[in-house]
Amino acid sequence: MKSNQIFKLFILLVLALSGCEKANIDVDTSVVDGSAIGEVSGVWAKGSTQVIKGDIIIPEGKSLTIEEGVTILMDTLAKPEIVVKGNLYALGTADNPIKFTVNEFYKTPQKKFGKLWGGILAGPTCEELVLDHTIIEYAGSTTSDASTSVKMGLYKAVAGENLPALWFANAKGKLVVQNSVFRNLQEDCTYIEGGKIIFANNVFYTTGVTGGEAMNFKSGCLADIAYNLIYSTNTNALKLSNTGDKVPQTYIIAYNNTMVNTGWRRPTAKGGSVWLESTVRADLYNNLFANTRFGVKRDPKKPEDARSAYSNNWYYGFDQVTVNQFQPKGDIVGGKNDVIGTVAGDNDPKFVNYPLNTSTSNADFNTAWDFHLQGNSPALSKGITNFTRHHQAGIVMKNGITYTSPAPSTFIGAYGIK
């Protein structure tokens, strides 16, 4: 009898231990801190720290919700990938953002372009992905034959590729990225292959070593891009392309964005600010280009859709070299009512706090800079608002939250008066 009771207790102990192990591997929904490897879903609770020790996968048909203030700490030896086959909702707040990051010890000047973990890779079965008040930093590691993304045929599905911080590839899916920061990244911040999309009120800086865009769009995208600040991307702030075989034709509406110093660290044909190619349709309004390489540039071999529209964009160059190279001619695109001077210093937007003589090759971002406009800025009333956005009626998610693309403003750029 006694031995039978001991045996039963032993069995219960084994089951308990195996249950704990399964929870740690498959899902961590506890209020306390946790760690994860393998399949995850459920909820990562407010304020917790989740240590990612290896590649994690959100299974198809399941969701992971990350609550405000969660820190996702990536192992710099394993360099994990976050593979999203289901849905991901990262729901931070202004006071308590979510962080995808690494231990502070590794954030050195030598590692300012990241490459310390993989990225968030959302494949064709991911229906919905939201990043709200989320910081993504130090990503962009190189794939190997052992990478989950390579084994699953995701992204470019080959070894030796530097990963984007965010890849999304479902033309029928929904993607919202707002109030977020992408920084200290090796390559593209985002690489998007389809979906109904909003990118709004984000900041991109210190990204790209030998290439890389802030927002890189391929075929199948219907996107509203607004109120983003893009500083010194290696290549373009926006690469807009209909490359690929997805439906619908990519149509981007980009308005009220501020681009500073973009494109100079990759002095090739594609290095610039906004790059148009492969029959993409693009409408560009109220965008501010300050000391950028080029402005809007097309690929003459694969030009954009003739219905594309450009209007009320603003250009400033501190020196004559910068001013000369964004003059509309050949493959440099000009728009209706664009403000483009011909002399160095023309059309100073009058930022609240940014030294306009900062080297165009500078990739270091000072968070004390303020790209709001002063009260006497000539750019305050030059924008237009009489155009339609894709998602002004909103994108409705399964969790009941509706995300709406913000209304355009009559000021130029991402920020008006502070």
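Definitions and limits used
- Residues numbered from 1 in each chain as written.
- Predicted model: local features only at pLDDT ≥ 70, side-chain atom pairs only at ≥ 80, totals over all residues.
- Heavy atoms only, no water.
- Core = buried A, V, L, I, M, F, W, Y, C linked by side-chain atoms within 4.5 Å.
- Buried < 20%, exposed > 50% of the residue type's maximum accessible area, 1.4 Å probe, protein only.
- Contact = heavy atoms within 4.5 Å.
- Phe/Tyr/Trp six-rings, centres within 6.5 Å; stacked < 30°, edge-to-face > 60°.
- Helix = DSSP H or I, 4+ residues; strand = E, 2+ residues; numbered from the N terminus.
- Lys NZ or Arg CZ within 6 Å of the ring centre and 35° of its normal.
- Pairing = 2+ DSSP bridges.
- Axes fitted to C-alpha atoms, helices over the stretch in contact; angles between N-to-C directions.
- Disulfide = S-S within 2.5 Å.

The name an unreviewed UniProt entry assigns to the chain is Parallel beta helix pectate lyase-like protein, from the organism Pedobacter psychrotolerans.

Draft legend 1. Spatial organisation of the nonpolar core. Of all hydrophobic cores here, the largest spans 65 residues; its most connected members are Trp 44, Ile 120, Leu 129, Phe 182, Phe 199, Phe 217 and Leu 240. Contact partners of Leu 129, with chain neighbours within four places excluded, come to Val 84, Leu 88, Ile 120, Ala 122, Leu 166, Phe 168, Lys 174, Leu 175 and Val 176. Ranked by size, the runner-up nonpolar core spans 29 residues in total, among them Tyr 285, Tyr 354, Leu 356 and Ala 379.

Draft legend 2. Representation of the packing of aromatic side chains in the model. Following the criterion strictly, the structure yields 23 aromatic pairs and no others. Aromatic pair Tyr 227 and Tyr 255: ring centres 6.2 Å apart, planes at 85°, arrangement edge-to-face. Separated by 28 residues along the polypeptide, Tyr 227 in the loop between strand 19 (221–226) and strand 20 (229–231) and Tyr 255 in strand 22 (residues 251–255) bring together distant segments of the chain. Taken together, a centroid distance of 4.9 Å and an interplanar angle of 90° make the contact between Tyr 354 and Trp 369 edge-to-face. With Tyr 354 in the loop between strand 32 (351–353) and strand 33 (370–373) and Trp 369 in the loop between strand 32 and strand 33, the pair connects residues that are 15 residues apart, well separated along the chain. The pair Tyr 354 / Trp 369 is uniform in exposure class, with both members buried. Among the aromatic residues, ring-to-ring pairing joins Tyr 205, Tyr 231, Phe 351, Tyr 354, Phe 365, Trp 369 and Phe 371 into one connected group. The ring of Tyr 251 carries the charged tip of Arg 281 above its face, separated from the ring centre by 4.1 Å.

Draft legend 3. Local environment of the sheet that holds strand 7 (residues 87–91). Across the sheet, which stays open at both edges, the 10 strands sit in the order 2-4-7-10-13-16-19-22-25-28 with parallel pairing between neighbours. The open sheet has two edge strands, strand 2 (42–44) and strand 28 (309–311), and neither has a second partner. Adjacent strand axes in the sheet meet at a mean angle of 10° when their direction is disregarded. Examined bridge by bridge, strand 13 (residues 174–178) and strand 16 (residues 195–200) share five bridges and lie parallel to one another. Counterpart to Val 176 in the pairing with strand 16 is Ile 198.

Draft legend 4. Geometry of the state of the cysteines. Throughout the structure, instances matching the rule amount to zero disulfides. Of all cysteine sulfurs in the structure, the one in Cys 221 sits closest to Cys 189, which takes part in no disulfide; the separation is 16 Å. The exposure class of Cys 189 is buried, given its relative accessible area of 0%. No disulfide involves Cys 221; its sulfur sits 13 Å from that of Cys 126, the nearest cysteine. Cys 221 sits in the buried class, given a relative accessible area of 0%.

Draft legend 5. The arrangement of the environment of Gly 271 in detail. With respect to the helices and strands, Gly 271 occurs in the loop between strand 23 (258–260) and strand 24 (274–277). With 98 residues separating them along the chain, Gly 271 and Gly 173 place their C-alpha atoms 29 Å apart. If we ignore the near neighbours within four places in the chain, the residues touching Gly 271 are Thr 235, Asn 236, Gly 263, Arg 266, Arg 293 and Phe 294.

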